[in-house]
2 protein chains.
Amino acid sequence: MPFMPSMNTADTGALTPLARRSGRMRRSAIREILKVTGNPEIISFAGGLPNPRTFPTSDVADAAAKVLRDDGAAALQYSTTEGYLPLREFIAARYWEKRHLRVDPDEILITNGSQQGLDLLGKVLLDADDTVLLERPAYLGAIQAFSAYEPKFASVTLEDDGPALAELRECLDAHRPKVFYSVPNFQNPSGLSYSAAKREAVGNLCAERPVTLVEDDPYGELRYRGTTLPTLRQYCPTSVLLGSFSKIVAPGLRLGWICAPRRLMDVIVTAKQGVDLHSNYFSQRVVYQHLKDHDLDAHIEKIRELYGRQRDCMVAAIRRHLPAEVKASDPDGGMFLWLKLPAGVSVSRLLKVAIERKVAFVPGSAFFADSEDDSHMRLNFSNSDESRIEEGIRRLGEAIREFGCC
Amino acid sequence: MPFMPSMNTADTGALTPLARRSGRMRRSAIREILKVTGNPEIISFAGGLPNPRTFPTSDVADAAAKVLRDDGAAALQYSTTEGYLPLREFIAARYWEKRHLRVDPDEILITNGSQQGLDLLGKVLLDADDTVLLERPAYLGAIQAFSAYEPKFASVTLEDDGPALAELRECLDAHRPKVFYSVPNFQNPSGLSYSAAKREAVGNLCAERPVTLVEDDPYGELRYRGTTLPTLRQYCPTSVLLGSFSKIVAPGLRLGWICAPRRLMDVIVTAKQGVDLHSNYFSQRVVYQHLKDHDLDAHIEKIRELYGRQRDCMVAAIRRHLPAEVKASDPDGGMFLWLKLPAGVSVSRLLKVAIERKVAFVPGSAFFADSEDDSHMRLNFSNSDESRIEEGIRRLGEAIREFGCC
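Residues numbered from 1 in each chain as written. Chains lettered and ligands numbered in written order. Predicted model: local features only at pLDDT ≥ 70, side-chain atom pairs only at ≥ 80, totals over all residues.

A. Main features of the packing of helix α6 (residues 165-175) of chain B against helix α7 (residues 196-207) of chain B. Residue and element names in this part refer to chain B. For the pair α6 and α7, interaxial distance at closest approach is 11 Å and the crossing angle is 10°. The pairing of α6 with α7 is recorded here as roughly parallel in orientation. Listed contacts from α7 to Leu165, Leu168, Arg169 and Leu172 of α6 are Lys198, Ala201, Val202 and Leu205. Among the residues making up the contact of α6 with α7, the classes are represented as six nonpolar, no polar and two charged. (Axes fitted to C-alpha atoms, helices over the stretch in contact; angles between N-to-C directions. Helix = DSSP H or I, 4+ residues; strand = E, 2+ residues; numbered from the N terminus. Parallel < 35°, antiparallel > 145°, perpendicular 65-115°, else oblique. Contact = placed C-beta atoms within 7 Å. Nonpolar A, V, L, I, M, F, W, Y, C, P; charged D, E, K, R; others polar.)

B. The arrangement of the pairing of strand β3 (residues 131-136) of chain B in detail. Residue and element names in this part refer to chain B. Counting buried residues in β3 gives six out of six residues, a clear majority hidden from the surface. Bridging between β3 and strand β4 (residues 152-159) involves six bridges; their strand directions are parallel. Bridged to Glu135 within β4 is Val156. As a crossover connection, the stretch from β3 through helix α5 (residues 140-147) into β4 is right-handed. By the bridge criterion, three bridges tie β3 to strand β6 (residues 179-182) in an arrangement that is parallel. Across the sheet, Leu134 pairs through a bridge with Tyr181, a residue of β6. (Buried ≥ 20, exposed ≤ 12 C-beta atoms within 10 Å, placed from the backbone. Pairing = 2+ DSSP bridges. Right-handed = clockwise from strand over helix to strand, strands pointing away.)

C. Main features of the sheet that holds strand β13 (residues 362-363) of chain A. Residues and elements named next belong to chain A. An order of β10-β11-β14-β13 is seen for the four strands of this open sheet, with the pairing classed as antiparallel. With partners counted over all chains shown, the strands left at the sheet margins are β10 (327-328) and β13, one partner each. Where β13 and strand β14 (residues 376-380) come together, two bridges link them in antiparallel fashion. Of the residues in β14, the one forming a bridge with Pro363 is Met377.

D. Geometry of the packing of helix α11 (residues 347-356) of chain A against helix α12 (residues 386-403) of chain A. Residues and elements named next belong to chain A. Interhelical geometry of α11 versus α12 gives an angle of 125° and a closest axis separation of 9 Å. The pairing of α11 with α12 is recorded here as oblique in orientation. Regarding α11 and α12, the two cross each other, and that crossing is right-handed. Residues Leu350, Val353 and Ala354 of α11 pack against Leu396, Ala399, Ile400, Glu402 and Phe403 of α12. Considered class by class, the residues forming the contact of α11 with α12 number seven nonpolar, no polar and one charged. (Left-handed = near helix turned anticlockwise from the far one by under 90°.)

E. Structural context of helix α9 (residues 281-293) of chain A. Taking 1.5 Å per residue as the helical rise, α9(A) with its 13 residues ought to reach 18 Å, and the 18 Å between its terminal C-alpha atoms agrees with that figure. Within α9(A), eleven of the 13 residues are buried, which leaves it mostly tucked inside the rest of the structure. The complete set of buried residues in α9(A) reads A:Tyr281, A:Phe282, A:Ser283, A:Gln284, A:Arg285, A:Val286, A:Val287, A:Tyr288, A:Gln289, A:His290 and A:Leu291. Lining the buried residues of α9(A) we find α2 (57-75), α3 (85-99), β2 (108-111) and α10 (296-321) of chain A together with α9 (281-293) of chain B. (Expected span 1.5 Å × (residues − 1).)

F. Local environment of the interface of chain A and chain B. Taken together, the 95 residues of chain A in the interface contact 94 residues of chain B. Contributions of two or more residues to the side of chain A that touches chain B are made by α2, α4 (113-125), α5 (140-147), α7 (196-207), α8 (262-276) and α9 of chain A. Tallying contributions element by element places α2(A) first for the side of chain A that touches chain B, with ten residues. Each residue belonging to the side of chain A that touches chain B can be placed in one class, and the counts come to 46 nonpolar, 32 polar and 17 charged.

G. Representation of the relation of the copies chain A and chain B. With an RMSD of 0.0 Å, the operation that places chain A on chain B is a rotation of 180° combined with a shift of 0.0 Å along the axis. Expressed as an axis order, the relation between the two copies is that of a two-fold axis. Interface overlap between copies is the fraction of interface residues in one copy that are interface residues in the other; for chain A against chain B it reaches 99%, indicating a shared surface. (Least-squares fit on C-alpha atoms with pLDDT ≥ 70 in both.)

H. Region of interest: the sheet that holds strand β14 (residues 376-380) of chain B. Residues and elements named next belong to chain B. Ordered by their spatial adjacency, four strands build an open sheet running β10-β11-β14-β13, and the pairing between neighbours is antiparallel. The open sheet has two edge strands, β10 (327-328) and β13 (362-363), and neither has a second partner. Relative to strand β11 (residues 336-340), β10 is paired through two bridges, and the arrangement is antiparallel. Residue pairing in the sheet places Lys327 in a bridge with Lys340 of β11.

I. Representation of the environment of A:Glu390 within the structure. All names here are of chain A. Within the secondary structure, Glu390 sits in helix α12. Since 17 C-beta atoms lie within 10 Å of it, Glu390 is described here as partly exposed. Every residue in contact with Glu390, bar those within four places of it in the chain, is listed here: Cys313 and Ala317.

J. Layout of the nonpolar core. One finds A:Val240, A:Ile268 and B:Ile268 to be the most contacted residues of the largest nonpolar core, which totals 247 residues. When sequence neighbours within four positions are dropped, the list of residues in contact with A:Val240 reads A:Leu121, A:Thr212, A:Leu213, A:Val214, A:Glu215, A:Ile258, A:Cys259, A:Ala260 and A:Leu264. (Core = buried A, V, L, I, M, F, W, Y, C linked by C-beta atoms within 7 Å.)

K. Local environment of helix α3 (residues 85-99) of chain B. Residue and element names in this part refer to chain B. Taking 1.5 Å per residue, 15 residues should reach 21 Å; α3 reaches 20 Å between its end C-alpha atoms and fits that length. The elements touched by buried residues of α3 are β2 (108-111), β8 (240-244), β9 (256-259) and α9. Following α3 by one or two positions, His100 adopts a phi angle in the positive range, close to 55°.

If you want it as structure tokens, here you go:
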């Protein structure tokens, strides 16, 4: 064969300049911290991982075997951009059953985790310098996804019961954002949820304005106290809902969905074609088979019990081991606690001390897109068993005392 | 629960204007045709589907069972953005074995099919009004993926042995494109390949200039005649390679890869984080297990034999049934034939007559980004067994005669 010895692939050639947006994209601080915390001696509350004890591994194995045996040739072939219709019908039926929302399966597209829904929304909605309105603090993955489309960010204070309403109205009118990105249930990072009254108020404010309200809901089914509250879509029928199987089945399958009004969905489908043709069809078939053959509600109930206990354990350990000056959120669900340290404390610097003591968390600064704040930390309780939670929080208490901030 | 009756989700609210790029994205003409050809009576040469007879369905089932049994909790968890390291090592080793290219696994990222590689490249490289240089005709999926980043398109004539060199040099110097997108092996739609001499010339031309040479190679292993030729990277060490498991394992698993020099890879990894965190990890584990337990070369040899026979069958049927004025390409591999009809014929209008006669193809006009051409058609031979190829081409001959163009 006429092969020449390959040259070294170091960049010896001339360089293509990168797109301007490449300078605005940032790596996830969390994923960088996770690299440090690979050491199993470190108790990490940094990730946002579900507890693998909740994964229905053998059920997924049964579903995969069944799909490949009964319809393997189709399950491994290219498929439609929108996604497997019975899976979309399942999601639509569940919106009706659990949320009293009428959604047509044609308004649902299967995505590679709900993260891809954020990218697709940025792609079809955002021109450079358009404004995206965030909660403050906000989900880091949304900041990352939207940043690629070079928007301006504005933010509204997230109070214990949801966005500060007067401020929200002001932001909507002053900045005229294209998108308001909300996480009404057990938000990442804060764990906070919108009250029923604020859901109605926020939905109504957005319904009256030319803003796309995005309602990201990866944790909605992980409620440990209280009752389910309405979606914002009850009040703002054009809202876009994002959902995910990552927390109720398993994240490695990378399946989520976007539910958008038909006119917007048409454009999203076109964008998705160009992005990756369609989501992993084999996994769609496997997840649907799993959902058909097993009782999802019973499975979620087990997850709730486990995470609820872990939540309680972390809250109790914080009371026991952390100085009273550290204020912790008290979430009704989800996977995270949000801690505020006294003003002036640099939580990013505290992280270094904590890692020496073999405990890790995410400094809150990563969750502020348009302001500086280094006095918060996010703690994940879903991915650690109770004994590690107790020990990890004890170590965190020592680190805080050693750091001398309280 | 305090639910209100859900409002109808028709767009009753105020509307958010779409991003400018949304007006430039176009739906795949192919996917739209595929909807029409769902009727099993229609013999469709329109898709670009592998033959499901080649899918290693029971091997994939074995691999899935093994992965879930031995390491289920990890296989269903979140994972790294770059992708499963042993799978990246397998790809790197294969580049060395088959192409004599030294590639480090760190220069490889696992994507949702090679289509996602195109989107990521557009994202990190293209600002609005940058130029992308295409082959003429060009792969439609690349036009779609890049269009979202609002570039200008230029194109260079694809001759029987690769790009017209003088024209390529002129285009590179006049347009100073950020990207030259090439498919050197058995291109979609034309089936054409670059000769050894043109590979060297094209690689050298690009190596001397600040252009990112993209070498998309989904069909490289599907060669039915002749011997493997060098990659362009042999001559242009900064080239970006795209690869895919869709044609050598199965497309429903949506796994491909991008191989880029480290400095560019860093930015691509950051972009991928924002887009979807990582590719389907379960499928990565299953495909790796499958590749480890089975002989990929032996499997590819079977695909080659099948598609080679189907190719020969279609070429022979064209000689038998189509008027001599219709000129067909004679590809050494891949999945497509490219037909040129006499000047003045509207192949798009011919399609309507063909569908009445229950045979479908893709009009070539979809593959021209910066010029008008309605005298070509693309025929897929991988997804039809020989008897359907014979009958379909016979019907196509009748349609052409009825249309009265030859």
